[in-house]
Amino acid sequence: MELTRPATAAWRDDPAAYWAALESATAHLDPPFAVLSLPALSHNAFDMLGRANGTRIRVASKSVRARGVMDAVLRVPGYRGVLAYTLAEGLWLATEALAAGSTPDVVVGYPSADRWAIGALANDPRLASTVTLMVDSLDQLDLIDAVVSPARRQAMRLCLELDASWDSRLLGHVGTWRSPVHSPEQARALAEAIARRPGFRLVGMMAYEGQLAGVADAPAGKPARAAMLRWMKRRSAAELAERRAAAVAAVRHVADLEFVNGGGTGSLETTSAEQAVTEIAAGSGLFGPHLFDGYRSFRPAPAAALALSVVRKPRSRIATLHGGGWIASGPPGADRLPRVAWPRELRMLPREQAGEVQTPVTGRDATSLRIGDRVWLRHTKAGELSEHVNTLHVIDGDRLVESIPTYRGEGKAFL
Ligand SMILES: Cc1ncc(COP(=O)(O)O)c(C=O)c1O
C-alpha cells in the first residue's frame, strides 16, 4: 500500500458514491468487518503534514494498531518513528523492524512497570539503543535498576515527561493527570538527578496537551460550550508554549536532547507553532474517527469504517444490526458510541443504543433496509477499532487492494 495525495475528496463531495464504492469493493465479505479507504487515509496523512507545517510526525501506534498501516504511513516523508503505548508493544515493533532490516525508532509514550519487558530491553543492546522509556520520577529509575542493575546493562534511553495540563483559576485542573513534573525548575532538577545516575541516558522530552489535542472545540449544537472551549484552548496553549520553552531550555543545559515531543492530532497547528517542539505524536487523524468531527480547524476524512449486517426488522421503521457495541474509552457518554455513517438517515434508539450483539436503528432510511443489507458505522476513536477485527481491508475506489492484519489479527493484545 502506498499513500499518495488524492486529487478528489469523494467522501465529502459525493458521499453516496463513496459509500457505494466501499460496498461494491467488499460485496464478497460478510460483516462484521472493517475497511480503510486508501484515498481517505492518504488525504488524512497529507493533511496532517500540512497542519504540522514542517514539524515531523511520530505515529501514535495506539491510534492505529496495525503494523502494515503504520509502515505505509512511515514511508511518507515527514513521518518518523513510533510512539508506542506499552513497552512490550514497543519491543515487538522494534524486534520486527530489526528482523526486516530497518532501524526502529520507538519511544514508549507512558511509563512502564512491566518487569519482564524492562528485563528484555535491558538485556538486549540492539533494543536498548533504539527503544526509549518514558519517565517522570526517580522511582521509575529505581524500578528499572531493581530489574537489572546498572552495572549489568547498557544505558537505558529515557524521555522526561513534562506535565502539559493547565491549572485555570476559573476551570480548575484542565488536562490529563500524567507527569508530576510541571515547572521548568522541576524538569531541570529531574534531568540533573538522571544525569547523576549510572545506567541511564536522557535523550528526549515529551509533554502531551490532551486538553488541546483531544478536546473538540466545535461540538455540534453547543455554541456556548464551544466558545468556552475555544477560550480554554487559547489560554492553555499560551501558558504551555511559554512553560514548555522554558522547561526544554532548562533541560537542554543538562542533557543533549535528540527530540522534544508534543501534541496530537487535534493540536497539530498550535504544537507545531512552538519552536521548542521538534516532533508531534499523532495517529487518530489517520483513521478519522468521529471524535474528530467536532474540531474547528480541520475535518478528517472518514477513512476507517465498520460494516454491520441487518439481521431483523422488529418494525417496518426499525432495522436491527448484528453487533455494534464497540464503545470507545473515555468518560462514558453518547459520544463514545459508534456513529452511523451510511445510509445517512439512521439513528440508534435511546433505550437500547449499541448492544453487545445487536443494535436497532431507526430513521428515514430504516424503512428501506432489508435483511442482509449493510450499515456502515464509524468508531469514536481510532485504534480501538483494530481491537475488534483481525483485518483491515484496504479499499481504493471500488477495489479491495490489500487486507492488513491488525495487532489482534497478529495475535497481539497489549492493553
Ligand atoms: C502521549 C501522547 N501523545 C500523543 C497522543 C495523540 O494521539 P492521537 O493523535 O492519536 O490523538 C496521545 C493520545 O492519547 C498521547 O497519549
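Here the structure is a predicted model, which means the values were calculated and not measured.

Engineer: Could you clarify how one ought to interpret the packing of aromatic side chains in this entry?
Structural biologist: For any pair of aromatic rings, the description rests on two quantities: the centre-to-centre distance and the angle between the ring planes. Evaluation of the coordinates by the stated rule reveals 12 aromatic pairs. Both rings, one in Phe-292 and one in Tyr-295, keep their centres 5.2 Å apart while their planes meet at 15°; by these two values the pair is stacked. The pair Phe-292 / Tyr-295 is uniform in exposure class, with both members buried. Through a chain of ring-to-ring contacts, the aromatic side chains of Trp-11, Tyr-18, Trp-19, Phe-33 and Trp-376 assemble into a single cluster. Taking NZ or CZ as reference, Arg-58 lies 5.3 Å from the ring centre of Phe-259, over its face.

Engineer: Which parts of the structure should I look at to understand the packing of helix H5 (residues 87-99) against helix H6 (residues 115-122)?
Structural biologist: A packed helix pair is summarised by two numbers, namely the angle formed by the two axes and the spacing between the axes. Between H5 and H6, the least distance of the axes is 9 Å, while the angle of their chain directions is 35°. In this structure, the crossing between H5 and H6 has a hand that is left-handed. Together, Leu-87, Ala-88 and Leu-91 of H5 and Trp-116, Ala-117, Ile-118, Ala-120 and Leu-121 of H6 make up the contact between the two elements. For the contact of H5 with H6, a count of residues per class yields eight nonpolar, no polar and no charged.

Engineer: Can you walk me through the layout of surface pockets in this structure?
Structural biologist: One way to see where empty space is left: roll a probe the size of a water molecule over the atoms. Put simply, the second largest pocket is a space of about 440 Å³. Looking at the second largest pocket, it is lined by 17 residues, and the ones nearest its centre are Trp-11, Asp-293, Arg-299, Pro-302 and Arg-378. Elements with a minimum of two residues in the lining of the second largest pocket: helix H1 (10-13), helix H2 (15-25) and strand E14 (339-342). Partitioning the lining of the second largest pocket into residue classes produces 10 nonpolar, one polar and six charged.

Engineer: Please clarify how the pattern of salt bridges should be interpreted in this entry.
Structural biologist: Oppositely charged side chains are able to pair whenever their charged atoms sit close together. By the definition in use, this model includes 24 salt bridges. Among the salt bridges present, the one from Arg-157 reaches Glu-258, with a minimum N-O distance of 2.8 Å. Here Arg-157 is found in strand E6 (residues 156-161), whereas its partner Glu-258 is found in the loop between helix H11 (223-252) and strand E10 (259-262), with 101 residues between them in sequence. Taking relative accessible area as the criterion, Glu-258 reaches 43% and is therefore assigned partly exposed. Ionic pairing is found between Glu-209 and Arg-244, a salt bridge with its closest N-O pair at 2.8 Å. In this pair, Glu-209 is assigned in the loop between strand E9 (200-207) and helix H10 (210-213) and Arg-244 in helix H11, connecting sequence segments 35 residues apart. Put simply, Arg-56, Arg-58, Asp-105 and Glu-279 are held in one network by salt bridges that share partners.

Engineer: Whenever I open this one, a nonpolar patch on the surface confuses me. Can you help?
Structural biologist: On the surface, Leu-170, Leu-171 and Met-228 cluster together to form a nonpolar patch covering roughly 270 Å² of accessible area. With respect to the helices, strands and loops of the structure, Met-228 is situated in helix H11. Looking at Met-228, the relative accessible area reads 30%, which means it is partly exposed.

Engineer: Mind showing me how you'd approach the sheet that holds strand E11 (residues 279-282) here?
Structural biologist: Strand pairs in the sheet, formed through backbone hydrogen bonds, run parallel or antiparallel to each other. Here eight strands make up a closed barrel; going around it, the order is E2-E3-E4-E5-E6-E9-E10-E11 and the pairing parallel. Along the sheet, successive strands turn relative to each other by an average axial angle of 35°, direction set aside. One ladder, built from six bridges, connects E6 with E9; its direction is parallel. Counted as the bridge partner of Leu-160 is Met-205 from E9. Of the strands in this sheet, strand E3 (79-84), strand E4 (106-108) and strand E5 (131-135) touch H5, which is tilted by about 165° from E5.

Engineer: Teacher, can you tell me more about the site of the ligand here?
Structural biologist: The ligand sits among 15 residues. The nearest are Ser-63, Tyr-110, Thr-265, Gly-283 and Ser-284. At a separation of 2.6 Å, an oxygen atom of the ligand approaches a polar side-chain atom of Tyr-110. At 2.9 Å from an oxygen atom of the ligand is found a main-chain nitrogen or oxygen belonging to Gly-283. Across the complex, the protein chains shield 93% of the 390 Å² of accessible surface that the ligand would expose by itself. Residues of the shell around the ligand, tallied by class, amount to seven nonpolar, six polar and two charged.

What counts, and at which threshold
Starting from 1, residues in each chain are numbered consecutively following that chain's sequence as written. For this predicted model, a pLDDT threshold of at least 70 governs which residues receive local features, and a threshold of 80 or more governs which side-chain atom pairs are given and counted, while totals over whole chains, interfaces and linings are taken from all residues. To get the side-chain values, take all heavy atoms of the structure and skip hydrogens and water. Between the rings of Phe, Tyr and Trp (Trp by its six-membered ring), a pair exists once the centres lie within 6.5 Å; its type follows the angle of the planes, with under 30 degrees stacked, over 60 edge-to-face, and the other angles tilted. Note on classification: 1.4 Å probe, protein chains only; a residue is buried when its accessible area is under 20% of the maximum for its type, exposed when over 50%, partly exposed between these limits. Here, over-ring charges are defined by two tests on the NZ atom of lysine or the CZ atom of arginine: distance to the ring centre within 6 Å, and angle to the ring normal within 35 degrees. Every axis corresponds to a line fitted to the C-alpha atoms, with the helix fit spanning only the stretch in contact, and the corresponding angles, defined between N-to-C directions, vary from 0 to 180 degrees. A run of H or I in DSSP counts as a helix once it spans at least four residues, and a run of E counts as a strand once it spans at least two, with each numbered from the N terminus. Throughout, a crossing is termed right-handed when the near helix is turned clockwise from the far one, and left-handed when it is turned anticlockwise from it by less than a right angle. By definition, residues are in contact when any of their heavy atoms lie within 4.5 Å. Put simply, Ala, Val, Leu, Ile, Met, Phe, Trp, Tyr, Cys and Pro go in the nonpolar bin, Asp, Glu, Lys and Arg in the charged bin, and everything else, Gly too, in the polar bin. A pocket, in this scheme, is an open set of points on a 1 Å grid over the protein atoms alone with protein on both sides within 12 Å along at least 5 of 7 lines, while a cavity is a set where a 1.4 Å probe fits but cannot get out; residues line either one if an atom lies within 4 Å of a point. Grid points are joined across faces, edges and corners, and a volume is the space filled by probe spheres set on the points. Salt bridge criterion: a side-chain nitrogen from Lys or Arg within 4 Å of a carboxyl oxygen from Asp or Glu. What goes into a patch is any residue over 30% in relative accessible area without a salt bridge, connected to like charges within 9 Å or, for nonpolar side chains (Val, Leu, Ile, Met, Phe, Trp, Tyr), within 5 Å. Per-residue accessibility takes into account occlusion by the displayed protein chains alone, with areas from the Shrake-Rupley method and a 1.4 Å probe. Following DSSP output, two strands are said to pair if at least two bridges run between them. A cutoff of 4 Å decides nearness: a residue is near a molecule or strand if any of its heavy atoms lies inside that distance of it. N or O atoms within 3.5 Å of each other form a polar contact, as long as, within protein, one can give a hydrogen and the other can take it, and as long as residues adjacent in sequence are counted only when both atoms are side-chain atoms.

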